[in-house]
Amino acid sequence: MDGAVVGVVLVVVAALLVLRSGMRVVNQVERGVVFRWGKALPEYRRPGITFLIPFADRMRKVNTQVVTMPVPTQEGITKDNVSVKVDAVVYFRVTDPIRAAIEVQDYVFAVGQVAQSSLRSIIGKSDLDDLLTDRERLHEGLALMIDSPAAEWGIHIDRVEIKDVQLPESLKRSMSRQAEAERERRARVITADGEFQAAQQLANASRIMSETPEAMQLRLLQTVVEVAAEKNSTLVMPFPVELLRYFERATKRLDQEVEKNERELDGPAALKAGIEQIAAVADKFGPAAQLTASPEPEPEPVPSPAPEPSAPAERP
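Rules used in this analysis
Every chain begins its residue count from 1, and numbering advances along the sequence as written. Note on the predicted model: pLDDT of at least 70 is required for a residue's local features to be given, and 80 or more for side-chain atom pairs to be given and counted; whole-chain, interface and lining totals, by contrast, use all residues. In computing side-chain properties, one takes all heavy atoms of the structure into account and sets aside hydrogens as well as water. The numbering of helices and of strands both runs from the N terminus, where a helix is a DSSP run of H or I of at least 4 residues and a strand a run of E of at least 2. Think of it in three bands: with a 1.4 Å probe and only protein chains considered, a residue is buried below 20% of the maximum accessible area for its type, exposed above 50%, and partly exposed in between. Should any heavy atoms of two residues lie within 4.5 Å, those residues are counted as being in contact. The Shrake-Rupley method, run with a 1.4 Å probe, gives the accessible areas here. Residue values count only the displayed protein chains as cover. In what follows, salt bridge is the name for a side-chain nitrogen of Lys or Arg lying within 4 Å of a carboxyl oxygen of Asp or Glu. Here the term cavity refers to a set of points on a 1 Å grid, laid over the protein atoms alone, in which a 1.4 Å probe fits but cannot get out; the term pocket refers to an open set having protein on both sides within 12 Å along at least five of seven lines, with lining residues being those that place an atom within 4 Å of a point. Grid points are joined across faces, edges and corners, and a volume is the space filled by probe spheres set on the points. Under the convention adopted here, Pro, Cys and the residues Ala, Val, Leu, Ile, Met, Phe, Trp and Tyr are nonpolar, Asp, Glu, Lys and Arg are charged, and Gly plus all remaining residues are polar. DSSP calls a pair of strands paired once it identifies at least 2 bridges connecting them. Convention adopted: a line fitted to C-alpha atoms gives each axis, helices being fitted over their contacting stretch, and angles between N-to-C directions are expressed from 0 to 180 degrees. Residues belong to a common nonpolar core when they are buried Ala, Val, Leu, Ile, Met, Phe, Trp, Tyr or Cys residues joined through side-chain atoms within 4.5 Å. Patch criteria: residues need more than 30% relative accessible area and no salt bridge. Like-charged residues are merged within 9 Å; nonpolar side chains of Val, Leu, Ile, Met, Phe, Trp and Tyr are merged within 5 Å. pLDDT expresses how confident the predictor is about each individual residue, on a scale running from 0 to 100. Here a helix's expected span is defined as the number of its residues, less one, multiplied by 1.5 Å.

Asks: Would you take a moment to explain the overall build of the protein chain for this structure?
Replies: Along its length, the protein chain carries eight helices and eight strands. Here the protein chain holds 316 residues, and the buried ones make up 22% of them. For the protein chain, long-range pairs separated by at least 24 residues make up 63% of all intrachain contacts whose partners lie at least 6 apart in sequence. Of the accessible surface of the protein chain, which amounts to about 23300 Å², a share of 57% is contributed by carbon and sulfur atoms.

Asks: I would appreciate a short explanation of the pattern of salt bridges in the present structure.
Replies: Opposite charge on two side chains lets them pair, provided their charged atoms get close. Evaluation of the coordinates by the stated rule reveals 10 salt bridges. Note that arginine 137 and aspartate 134 form a salt bridge whose closest N and O atoms lie 2.9 Å from each other. Shared partners join several salt bridges into a network, and the residues in it are Asp130, Asp134 and Arg137.

Asks: Is there a simple way to think about the layout of surface pockets in this case?
Replies: The rolling of a water-molecule-sized probe over the atoms marks out the regions of remaining empty space. In this structure, the second largest pocket spans a volume of roughly 170 Å³. Contributing to the lining of the second largest pocket are Leu128, Asp129, Leu171, Met175, Gln178, Ala179, Glu182, Arg183 and Arg186. Of all the secondary structure elements, the ones that give two or more residues to the lining of the second largest pocket are α4 (128-133) and α6 (169-211). At seven residues, α6 tops the list of elements feeding residues into the lining of the second largest pocket. In the lining of the second largest pocket, the residues fall into four nonpolar, one polar and four charged.

Asks: Teacher, can you tell me more about the sheet that holds strand β7 (residues 83-94) here?
Replies: Neighbouring strands of a sheet are bound in pairs by backbone hydrogen bonds; such pairs are parallel or else antiparallel. Spatial ordering of the open sheet is given by β6-β7-β8, a layout of three strands whose pairing is antiparallel. The sheet terminates laterally at β6 (67-77) and β8 (155-166), the two strands that pair on one side only. Within this sheet the neighbouring strands show an average axis-to-axis angle of 25°, counted without direction. Pairing between β6 and β7: nine bridges, direction antiparallel. When the sheet's bridge partners are listed, glutamate 75 is paired in β7 with lysine 85. Set on the sheet, helix α3 (residues 107-125) makes contact with β6, β7 and β8; between it and β6 the angle comes to about 35°. Strands in contact with helix α5 (residues 135-150) are β7 and β8; relative to β8, the strand with the most contacts, it is inclined by about 135°.

Asks: For this particular structure, what's the right way to read the environment of glutamine 166?
Replies: By the secondary structure assignment, glutamine 166 is in strand β8. Distance in space between the C-alpha atoms of glutamine 166 and aspartate 87 is 8.8 Å, their sequence separation being 79 residues. Once you skip the residues sitting within four places of it in the chain, glutamine 166 turns out to touch Val84 and Lys85.

Asks: What should I look at first to understand the nonpolar core in this one?
Replies: The tendency in soluble globular proteins is for nonpolar side chains to be buried as a group. Counting residues in each nonpolar core, the largest one holds 39 residues, and the members touching the most others are Val84, Val90, Ile155 and Ile157. Counting residues per element, the ones that place at least two in this core are β2 (30-36), β6, β7, α2 (97-102), α3, α4, α5 and β8. Of the residues forming this core, the biggest block, eight residues, is contributed by α3. Contact partners of valine 90, with chain neighbours within four places excluded, come to Val67, Thr68, Met69, Val71, Val111, Ala115, Ile146, Ile157, Arg159 and Val160.

Asks: What am I meant to see in a nonpolar patch on the surface here?
Replies: Together, Val5, Val9, Val13 and Leu17 give the surface a local cluster of nonpolar side chains, amounting to about 340 Å² of exposed area. You can see valine 9 is positioned in helix α1 (residues 2-22).

Asks: It is not clear to me how the confidence of the model for the protein chain should be interpreted in this structure. Could you clarify?
Replies: Low pLDDT means the predicted atomic positions in that stretch should not be read closely. Put simply, the protein chain has an average pLDDT of 78, and 76% of its residues get 70 or more. Of the regions scoring below 50 in pLDDT, residues 287-298 engages in nine contacts with residues more than four places distant in sequence or in other chains.

Asks: Just checking my understanding: could you explain the pairing of β7 for this structure?
Replies: When a strand is regular, its side chains alternate between the sheet's two faces. What sits between β6 and β7 in their antiparallel hairpin is a turn of five residues, with asparagine 81 showing a positive phi close to 60°. The sheet contact formed by β7 and β8 spans 10 bridges and is antiparallel. In the strand pairing of β8, valine 94 is matched with isoleucine 155.

Asks: Is there a simple way to explain α5 in this structure?
Replies: Given 3.6 residues to a turn, an α-helix orients residues that are three or four positions apart in the same direction. Spanning 16 residues, α5 covers 22 Å between terminal C-alpha atoms, matching the ideal 22 Å at 1.5 Å per step. Where α5 is buried, its residues touch β7, α3, α4 and β8.

Asks: Quick question: what am I supposed to make of the pairing of β2 here?
Replies: Of all seven residues in β2, six are buried; the element is thus mostly enclosed. In this structure, β2 lies alongside strand β5 (residues 57-63), joined through seven bridges in antiparallel fashion. Directly across from valine 33, in β5, lies its bridge partner arginine 60. The sheet contact formed by β2 and strand β3 (residues 39-40) spans two bridges and is antiparallel.

Asks: What's the story with the sheet that holds β3 in this structure? I'm lost.
Replies: The strand order across the open sheet built from three strands is β3-β2-β5, with neighbouring strands paired in antiparallel fashion. Edge strands, defined here as strands with exactly one partner in the open sheet, are β3 and β5.

As structure tokens, then:
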């Protein structure tokens, strides 16, 4: 009886040991691929506790997390014959654990090699300007080149990015000089454009001021106010040429008015003086002639006074 109990206990312990040897735990980020007698089962084991047949099943765990794999620096020559060094980074994950475990021996190493060769190929097909400025298009093309063989391994390429582009020192200096020249050109163009617009506005302003001279005086006063706000000890105020021309025109108009008034006043005065001379000559020779000034506005010509008769010479 005791031997039977011991035998039962041994059988139970042996069964537990067998079950324990066949029990496996699959983590949340893993998938289990079971090989039974060397042949992969069509279904993979999901996260949790799973049981395998002892001595018949063997399980391989495959990580399904996104793998971040840096691509070593690759040196190549661009399409425009520039030697550059480019490094990148690849983000990928396993979508089919069975194919990743069967189709390729080491899928991480395989993806790395494909990424390096694809990076060299994309460098040779691109210009230097594309590597420096149009990287988004290069990222898409590089991801497509890597994803084509990786899809057969049950791997999906999420994203590929070029991290850095190393240029030769001589090329860096040339690009620096080119950038400086471009900035200088833009600065000169902007300055010339500003001067052109300023010249147009000044031409319009001068045209308006030539039509209204008072605007020049107002502008002069405004300039004086602006200069006086600087609190300088000495204020030099220029005398505008337009003001001199204004005084010159005013003087000419005043001289013309004076000459006109003199002409209007000189006519009657000259006539009166001539009549007085005639009356004085007439008084010497006879009764004074009653002469009156003609009311006519036009003065009459004044006769020249007659010479006085000389005394008769005495005969001897």
